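# Secondary and tertiary structure notes
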Amino acid sequence: MMEDSNKKTSLIDSALDWLKSLCITFAVVVLLFTFVVRTAVVNGSSMTDTLQDGDFLILWSLFYTPQQGDIISANCEGLDEVIVKRIIAVEGQTVDIDFETGSVYVDGELLDEPYIKNLTLNDEGGFSYPVTVGEGQYFVMGDNRQGSRDSRDASVGLIDRDDILGKVVLRLYPFSDITIFS
């Protein structure tokens, strides 16, 4: 009789240990994906050839300070969706675009953009250039300049720091094209 009681107590202890482990694991995962990393999915072709429609991305958000050239994901109120774009200019920098030659200048320097699919020939009417990026804001563009709604478009405009979800650090899917971004 005593042996049955010990077995029941042992089973209950074991079940409670498993339950406690699952709760701790769940809490750690929730905290991790709330404060450290996030996920995003590319929607559309605005970042081709760098990223493709449907790519599943891991973002780094803990202590992240956006830098020129970073690929980021952000909430875009004007489009009512999450966008994935490249930071072209940070606060205090001046962006000028020559739509006849497709050249982009930041602080008077021509950007070296080996990642773009095509030249920046479309003026989407968001700004009169040159434009200086305000405090806590970022000028972003897609790598597929002819197929991107980005800061050139008034519905996107400058991205506020609070709307940035994080920096793209990893393309996790498709599995055949896993990529780490620096």
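Here goes a summary of the coordinates provided. Keep in mind it's a predicted model, so treat the numbers as computed, not measured. Counting from 1, residues in each chain are numbered in the order their sequence is written. Note on the predicted model: pLDDT of at least 70 is required for a residue's local features to be given, and 80 or more for side-chain atom pairs to be given and counted; whole-chain, interface and lining totals, by contrast, use all residues. Working from all heavy atoms in the structure, the side-chain values ignore hydrogens and water.

### Quick look at the environment of Asn-43
To keep it simple, the criterion reads: Helix and strand definitions here come from DSSP, where helices need a minimum of 4 consecutive H or I residues and strands a minimum of 2 consecutive E residues; each element is numbered from the N-terminal end. Note on definitions: a residue-residue contact is assigned when non-hydrogen atoms from the two residues lie within 4.5 Å.
Structurally, the position occupied by Asn-43 is in the loop between β1 (37-41) and β2 (56-60). Separated by 137 residues in sequence, Asn-43 and Ile-180 have C-alpha atoms that sit 19 Å apart. Excluding residues within four positions of it along the chain, Asn-43 makes contact with Asp-53 and Glu-81.

### Regarding the layout of surface pockets
A probe matching the size of a water molecule, rolled over the atoms, marks out where space remains unfilled. Condition: Only protein atoms enter the 1 Å grid used here. Points where a 1.4 Å probe fits but cannot escape make up a cavity, open sets with protein on both sides within 12 Å along at least five of seven lines make up a pocket, and a residue lines them when an atom lies within 4 Å of a point. Grid points are joined across faces, edges and corners, and a volume is the space filled by probe spheres set on the points.
The calculated volume of the largest pocket comes to roughly 170 Å³. Lining the largest pocket are 13 residues; nearest its centre among them are Asn-43, Ser-46, Glu-81, Ile-83 and Lys-85.

### Notes on the side chain of Arg-171
Stated precisely, the cut-off is as follows: Burial status follows relative accessibility: with a 1.4 Å probe on protein chains alone, a residue under 20% of its type maximum counts as buried, one over 50% as exposed, and anything between as partly exposed. Polar contacts, as counted here, are pairs of nitrogen or oxygen atoms within 3.5 Å of one another; within protein the pair requires one atom able to donate a hydrogen and one able to accept it, and residues that are adjacent in sequence qualify only if both atoms are side-chain atoms.
Its place among the elements puts Arg-171 in strand β11 (residues 164-173). Taking the relative accessible area as the measure of exposure, Arg-171 reaches 6% and is therefore buried. One polar contact links the side chain of Arg-171 to the main-chain carbonyl oxygen of Thr-50, over a distance of 3.1 Å. Among the polar contacts made by the side chain of Arg-171, one reaches the side chain of Asp-55 at a distance of 2.8 Å. With residues near it in sequence (within four places) discarded, Arg-171 still touches Thr-50, Leu-51, Gln-52, Asp-55, Phe-56, Leu-57, Asp-177, Ile-178, Thr-179 and Phe-181.

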